[in-house]
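Read off the chains here:
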Amino acid sequence: ALKALRIEWDLGPHAATSSKQLDQALIEASSRNGVVAKRAGDIEQARKQAASQFEAVYEQALLSHSPLEPMSCVAHVRTDGCDLWVGTQVPVFAQQTAAKVTGLPAEKIQVHNQLIGGAFGRRLEFDFITQAVAIARQVSYPIKLIWSREEDMTHDLYRPLYADRLQAALDEQGRPLGWEHRIAGASILARYVGSLPPSGVDADAVEVATDPIYRLPHLQVRYIRQDPEVVPVSWWRGVGPLRSTYALECFIDELAHNAKADPLSYRLGLMEGQPRAQAVLRLLAEKSDWNRPLPAGQGRGVAVSAVFGSYVATLVELEMHGDSGLRIKRLVSVVDCGFATNPTSVIAQIEGGTLFGLSASLFNEILVENGQVQQNNFHTYRQLRISEAPPVEVHLMPSLEAPGGVGEAGTALIGPALVNALHAASGKRIRRLPLSRSGYYPV
């Protein structure tokens, strides 16, 4: 029926919106003050005492959820009730939107919840359910709505663009005395619940950044809300811990190289009072042969963070093929997720989450030109292929601590570990994901 329609579109007032405009607005916003999310010590005093300063800006792209199962819903609307067969992460919202569309009381809406088809946050939304119910109202029998891949990708609620501006005031050994982190990006929380708290801080956007595992006595974190014009946004797998860990772990790696220090030892030296973080990093060094020299053109990169109640350290070892080809030779993760009730499942989650994040770090980016999303299927929104996927070696730390999360933890660590490995192998520092934007590709 859609294909049979002859549509003349009114492109509206935002027809000229482009990714270039959105990127520029975000970079400019990252220089503003915004609101203070965390303040400890005296950042200005640290700057006065510093022997040197170091600054970097990191950018992360708009991302589509692209679940293998596109948005789908079966709806049956009757005069006495409405039944929904749908995979949703928010069954109460599904019930509420159906009640609003049909005019029926909420207790007359029955939600038969199904598996969510690898939604990665997309089924936190209910736009497709609203549409299915609106169509089902027109007929006397159940209807089944399935979005095409093109509809799904071009009408997603995207992971927002982010720009992180970090500044460090360094002592004579190149260690941070003062640390300022400015986070510019949309507020998913405000869109989802209607508003931000009186502080003006989106707690999801600043997670990890406000509570780093490193000893930073003079710390200031600012949040600058910058919603992208007319681009709808929502949570994506990894949420706040992913976005902050990427910037933080890339920056700490740059500080280590600036100090001419071993990146792993540099991190350990700043982790006083973090025995679990130190333990996963030390075991990672052991399991990955960190101190074994590599030939020219090869390098190792590491990232470590406390995410979702777990402590995770990830290492990427890669080799360059020419200036732009790269091959991941080894991918190792060490996880302390507290007491693991099902170790096999934990390992599988870390494997899957890591490869999911690797696809995003290498390839994924949604671009807008002339007010329209340019990517519409997997030929333009590239995913990691089986032949390109490295084995993911996972080691679990024995622990009796309270269980933490693992489903999104691997996704949060792979981006910075990959970027840091690329620098170690090539000497080139990339500060914007995905790497394909800078011409890199797997071989």
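Right, let's walk through the structure included here. Along every chain, residues carry numbers that run from 1 in the direction the sequence is written. It should be noted that, the model being predicted, local features are given only for residues of pLDDT at least 70 and side-chain atom pairs only at 80 or more, the latter also being counted only at that level, while totals for whole chains, interfaces and linings use all residues. With hydrogens and water set aside, each side-chain value is computed from the structure's full complement of heavy atoms.

**A few points about helix H10 (residues 343–362)**
Rules: Note on conventions: DSSP H or I runs of at least 4 residues are helices, E runs of at least 2 residues are strands, and numbering of each starts at the N terminus. To estimate the expected span of a helix, count its residues, drop one, and scale the result by 1.5 Å. Accessibility here uses a 1.4 Å probe with only protein chains present; expressed as a share of the type maximum, an area under 20% marks a residue as buried, one over 50% as exposed, and anything in between as partly exposed. For this analysis, residues touch if any pair of their heavy atoms sits within 4.5 Å.
For H10, with 20 residues, the first-to-last C-alpha span of 28 Å sits near the 28 Å given by 1.5 Å per residue. All buried positions along H10 are accounted for by Val346, Ile350, Gly353, Thr354, Phe356, Gly357, Leu358, Ser359, Ala360, Ser361 and Leu362. Taken together, the buried residues of H10 touch strand E12 (325–336), strand E15 (392–396) and helix H11 (409–426).

**Thoughts on the side chain of glutamate 365**
Condition: N or O atoms closer than or at 3.5 Å make up a polar contact, with two conditions inside protein: a donor-capable atom paired with an acceptor-capable one, and, for residues adjacent in sequence, both atoms drawn from side chains.
Looking at the secondary structure, you find glutamate 365 in the loop between H10 and strand E13 (368–369). By relative accessible area, which is 9% here, glutamate 365 ends up buried. For glutamate 365, the side chain forms a polar contact with the side chain of arginine 437, separated by 2.5 Å. With sequence-adjacent residues up to four places away left out, glutamate 365 is seen in contact with Ala61, Leu62, Leu63, Gln375, Tyr381, Arg432, Pro434 and Arg437.

**Describing the pattern of salt bridges**
Note the cut-off: Should a side-chain nitrogen of Lys or Arg be within 4 Å of a carboxyl oxygen of Asp or Glu, the pair is scored as a salt bridge.
Going through the model one piece at a time under the given rule, you end up with 33 salt bridges. Residue arginine 191 is joined to glutamate 125 by a salt bridge in which the shortest nitrogen-to-oxygen separation is 2.7 Å. One end of the pair, arginine 191, is in helix H6 (residues 188–193); the other, glutamate 125, is in the loop between strand E5 (109–113) and helix H4 (127–136), and 66 residues separate them in sequence. Judged by its relative accessible area of 6%, glutamate 125 is buried. A salt bridge links arginine 267 to glutamate 249; the nearest nitrogen and oxygen atoms lie 2.9 Å apart. Pair noted here: arginine 267 is in helix H8 (residues 263–269) and glutamate 249 is in helix H7 (residues 239–258), with a separation of 18 residues, a long-range link. As far as the burial class goes, arginine 267 and glutamate 249 line up, both buried.

**Description of a nonpolar patch on the surface**
The cut-off we apply is this: Residues enter patches when they are more than 30% accessible in relative terms and free of salt bridges; like-charged ones are connected within 9 Å and nonpolar ones (Val, Leu, Ile, Met, Phe, Trp, Tyr) within 5 Å. Areas reported as accessible are Shrake-Rupley estimates using a 1.4 Å probe. Residue values count occlusion only from the protein chains shown.
Together, Leu2, Leu5, Ile7, Trp9 and Leu11 make up a nonpolar patch on the protein surface, roughly 600 Å² of accessible area in all. The topology assignment puts isoleucine 7 in the segment before helix H1 (19–29).

**Re the sheet that holds E5**
Backbone hydrogen bonds hold the strands of a sheet together, and the pairing may be parallel or antiparallel. What counts is decided by this rule: In this analysis, strands are considered paired if DSSP registers two or more bridges between them. Here an angle of 0 to 180 degrees is reported between the N-to-C directions of two axes, which are lines fitted to C-alpha atoms, with helices fitted over the stretch in contact.
The mixed open sheet is built from four strands, whose spatial order is E5-E4-E3-E6. Each edge of the open sheet is held by one strand with a lone partner, namely E5 and strand E6 (143–146). With strand direction ignored, the average angle separating the axes of adjacent strands in the sheet is 20°. Bridge count between strand E3 (residues 72–78) and strand E4 (residues 81–86): five bridges; the pairing is antiparallel. In the strand pairing of E4, arginine 78 is matched with glycine 81. Across the sheet, helix H3 (residues 91–102) lies against E3, E4 and E5, angled at about 145° from E5, the strand it touches most. Each of E3, E4 and E6 is contacted by H4, which is oriented at about 40° to E3, the strand it contacts most.

**Focus on the nonpolar core**
We count it as follows: We define the nonpolar core as a collection of buried residues of types Ala, Val, Leu, Ile, Met, Phe, Trp, Tyr and Cys that are connected through side-chain atoms lying within 4.5 Å of one another.
Among the nonpolar cores identified, the biggest contains 102 residues, and Trp179, Tyr214, Phe251, Leu255, Leu281, Val316 and Leu435 are the most heavily contacted of them. The element best represented in this core is H11, accounting for 10 residues. Residues Met71, Val86, Val111 and Ala132 belong to the second largest nonpolar core, which totals 21 residues.

**Re the layout of surface pockets**
To keep it simple, the criterion reads: Each cavity reported here is a set of points on a 1 Å grid over the protein atoms alone in which a 1.4 Å probe fits but cannot get out, each pocket an open set with protein on both sides within 12 Å along at least five of seven lines, and each lining residue one with an atom within 4 Å of a point. Grid points are joined across faces, edges and corners, and a volume is the space filled by probe spheres set on the points.
The volume enclosed by the largest pocket comes to roughly 1000 Å³. Along its surface, the largest pocket is lined by 28 residues, and Trp9, Thr154, His155, Gly371 and Gln372 are the ones closest to its centre. Counting residues per element, the ones that place at least two in the lining of the largest pocket are H4, helix H5 (149–154) and strand E14 (372–373). Per-element tally for the lining of the largest pocket: the top contributor is H5, with three residues. Quantified by volume, the second largest pocket comes out at close to 300 Å³.

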